[in-house]
Amino acid sequence: MSAKTVLISGASVAGPALAYWLDRYGFQVTVVERAATLRPGGQAIDFKGRTQLTVLERMGVREEIFARQTGRADLQFLDPSGRQLAVLTGVFLGGEVEILRGDLSAVFYERAAGRCEYLFGDSITALTETADGVYVEFEHAPARTFDLVVGCDGVHSAVRRLAFGPERDYVRHLGYYYAVAGAPAWGMQADRPQRSVAHGYSAPGRLAVKGGSKASHLYIFAAPQLDYDRRDVAAQRRHVTEQFAAVGGEVPGMLAELPGLDDFYLDSMSQVRMKGQYTAGRIALVGDSAYGNTLGGVGTGLAVVGAYVLAGELAVAGGDHTVAHARYNEIMRRYAKIAGQSNAGRFLAPRTALGIRGRNWFLGSRAFGLMMKYTDNASNDIELRDYPRLVGAA
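What comes next is a walk through the structure. Given the structure is predicted, the values throughout are model-derived calculations rather than measurements. (Residues numbered from 1 in each chain as written. Predicted model: local features only at pLDDT ≥ 70, side-chain atom pairs only at ≥ 80, totals over all residues. Heavy atoms only, no water.)

### A word on the overall build of the protein chain
Check the secondary structure of the protein chain and you find 15 helices and 18 strands. In summary, the protein chain has a C-alpha radius of gyration of 21 Å against a globular reference of 21 Å for 394 residues, a match within 12%. Relative to its full complement of 394 residues, the protein chain shows a buried share of 56%. For the protein chain, restricting intrachain contacts to residue pairs at least 6 apart in sequence, the fraction spanning at least 24 positions comes to 74%. Charge-centre separation for the protein chain: the mean point of 43 positive side chains lies 6 Å from the mean point of 40 negative side chains. (Helix = DSSP H or I, 4+ residues; strand = E, 2+ residues; numbered from the N terminus. Rg over C-alpha atoms; globule rule 2.2 N^0.38 Å. Buried < 20%, exposed > 50% of the residue type's maximum accessible area, 1.4 Å probe, protein only. Contact = heavy atoms within 4.5 Å. Lys, Arg positive; Asp, Glu negative; His and termini not counted. Charge placed at Lys NZ, Arg CZ, Asp CG, Glu CD.)

Below is the structure:
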């Protein structure tokens, strides 16, 4: 095997999934994660289509994920008096199965944590590729050399910045921001509801969602790129409050609750554009760092399929990254098209009153049903090789 040691940056979804497969194929895996521990809670994420469910089946985690699933809530769009205007179904929002991000991370992590090295509370600060590997410098740990490095570190990937270039060259701001606060009330409880309803209140360029399976609160608002301190969460909460101060319905009560909710996160809605080239030498990108599209509904499935394909191609190629990376690019270039050019912010929070009425009409039309069917077909548009069988993994 040409490559034996692999460093993965990121321990959310793609990172632990990739660590599982690489460990299974005999690679020595190290995962570095900025957070001090696995992050619990987080918003609900989902899987769509037989391709993604097949990967979960081959990992041996499908049953556990279904056992931990949320209730897949319908989103009711209401006027300030509480009258229903439109519904976005939980089947569309939650796919075949929906699970809290923290729960999914834990499921993947537990499969190989005892055999992989995890460096929590640390991050990569420099990458230097040589003829024999990649020399990696860390914020805290001593520098080391690895055969390969993989960035599974999200839209704002440090690995992509260090290996490919500045974020502005690869990440396009879609004109919206989103914030989530508080996990669904039932979390991992055994008695969580199998069906629930979220309430959405709209104003031009604004959508506030209360309850449901994604998070306790979800806010989406139109805005140019903001210059804000990512560490100043109190200031971010105040900004969300200012953005939604004039929205009616349950929103004033939501804003009163906001300071006391944990798991708050604010970020831009952005699209990653790598033009189908997710590798550079010994360095590769998987998940949102390579093909992210915020709230596009396909990011988790793309990440898990991407991890499966990259690890499988490395195993089949005997660790020859030049062969494996070329195949990975070829396969994922096509499949990543399901992320598309869509802008969830523009769809969910139109900038005009006329746009809001158009959204409400579309959700009840035949055209929306056709869009759901297209999405289902696109999520299966890949020839999924049975890598475990090809390489004789146990």
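From this point, the discussion proceeds with the structure in view.
### Quick word on the state of the cysteines
Here, disulfide denotes a covalent bond that connects the sulfur atoms of two cysteines. Inspection of the entire model under this criterion finds 0 disulfides. Left unpaired, Cys116 is separated from the closest cysteine sulfur, that of Cys152, by 12 Å. Classification of Cys116 as buried rests on a relative accessible area of 9%. (Disulfide = S-S within 2.5 Å.)

### Comments concerning the sheet that holds strand β8 (residues 124-129)
Taken together, the 3 strands give an open sheet; going across it, the order is β8-β9-β10, and neighbouring strands pair in antiparallel fashion. The two strands at the open ends of the sheet, each matched to only one other strand, are β8 and β10 (144-146). Averaged over all pairs of adjacent strands, the angle between strand axes in this sheet comes to 30°, irrespective of strand direction. Taken together, the 3 bridges between strand β9 (residues 134-138) and β10 define a ladder with antiparallel strand orientation. (Pairing = 2+ DSSP bridges. Axes fitted to C-alpha atoms, helices over the stretch in contact; angles between N-to-C directions.)

### So, the packing of aromatic side chains
Per the counting criterion, the structure on display carries 17 aromatic pairs. On the numbers, 6.2 Å between centres and 70° between planes, the contact of Tyr177 with Tyr228 is edge-to-face. Here Tyr228 lies in the loop between β15 (217-222) and α7 (233-243) and Tyr177 lies in strand β12 (residues 171-181), a separation of 51 residues in the sequence. We classify Tyr177 as buried; its relative accessible area is 3%. The class of Tyr228 is partly exposed, set by a relative accessible area of 21%. Judged by centre distance (6.2 Å) and plane angle (90°), the ring pair of Phe347 and Phe362 falls under edge-to-face. Taken together, the positions of Phe347 in helix α12 (residues 344-348) and Phe362 in helix α13 (residues 353-363) put the pair 15 residues apart, joining distant regions of the chain. Among the aromatic residues, those joined into a ring-pair cluster are Tyr20, Trp21, Tyr25, Tyr308 and Tyr387. Of note, Arg351 hangs over the ring of Tyr176, and the distance from its end group to the ring centre comes to 5.0 Å. (Phe/Tyr/Trp six-rings, centres within 6.5 Å; stacked < 30°, edge-to-face > 60°. Lys NZ or Arg CZ within 6 Å of the ring centre and 35° of its normal.)

### Details of the environment of Gly358
Among the structural elements, Gly358 can be located in helix α13. Distance from Gly358 to Phe347, taken between C-alpha atoms, is 9.7 Å for residues 11 residues apart in sequence.

### Regarding the sheet that holds strand β11 (residues 148-151)
The 6 strands are arranged β7-β2-β1-β11-β18-β17 in an open sheet whose pairing can be described as mixed. Each edge of the open sheet is held by one strand with a lone partner, namely β7 (117-120) and β17 (279-280). Across 3 bridges, β11 lies against strand β18 (residues 283-285) in parallel orientation. In the strand pairing of β18, Val149 is matched with Ile283. Contacts between helix α1 (residues 14-24) and the sheet are confined to β1 (5-9), β2 (28-33), β7 and β11, with β1 contributing the most and set at about 165° to the helix.

### Details of a nonpolar patch on the surface
Taken together, Val316, Leu390 and Val391 make up a surface patch of nonpolar side chains, about 220 Å² in accessible area. Summarising the element assignment, Leu390 is placed in helix α15 (residues 387-391). (Patch = residues over 30% accessible without salt bridge, like charges linked within 9 Å, V, L, I, M, F, W, Y side chains within 5 Å. Areas by Shrake-Rupley, 256 points an atom, 1.4 Å probe, with all protein chains shown as cover. Salt bridge = Lys/Arg side-chain N within 4 Å of Asp/Glu carboxyl O.)

### Here we look at helix α10 (residues 299-316)
Taking 1.5 Å of rise per residue, 18 residues should cover 26 Å, and α10 covers 25 Å from first to last C-alpha, within 8% of that figure. Trailing α10 by a residue or two, Gly318 shows a phi angle of about 65°, which is positive. (Expected span 1.5 Å × (residues − 1).)

### Looking at the environment of Gly175
In this fold, Gly175 is placed in strand β12. Using a relative accessible area of 12% as the deciding quantity, one classes Gly175 as buried. Spatially, the C-alpha atom of Gly175 lies 8.7 Å from that of Phe221, the residues being 46 residues apart in sequence. With sequence-adjacent residues up to four places away left out, Gly175 is seen in contact with Phe221, Ala222, Ala223, Met269 and Arg351.

### A short note on the packing of α1 against helix α5 (residues 101-112)
One way to put it is that α1 packs onto α5 with a least axis distance of 8 Å and a crossing angle of 25°. Considered as vectors, α1 and α5 are oriented roughly parallel to each other. The interaxial crossing formed by α1 with α5 has left-handed handedness. Contacts from Pro16, Ala17, Ala19, Tyr20 and Asp23 of α1 reach α5 at Ser105, Phe108, Tyr109, Arg111 and Ala112. Residue composition of the contact of α1 with α5, by class: 7 nonpolar, 1 polar and 2 charged. (Parallel < 35°, antiparallel > 145°, perpendicular 65-115°, else oblique. Left-handed = near helix turned anticlockwise from the far one by under 90°. Nonpolar A, V, L, I, M, F, W, Y, C, P; charged D, E, K, R; others polar.)

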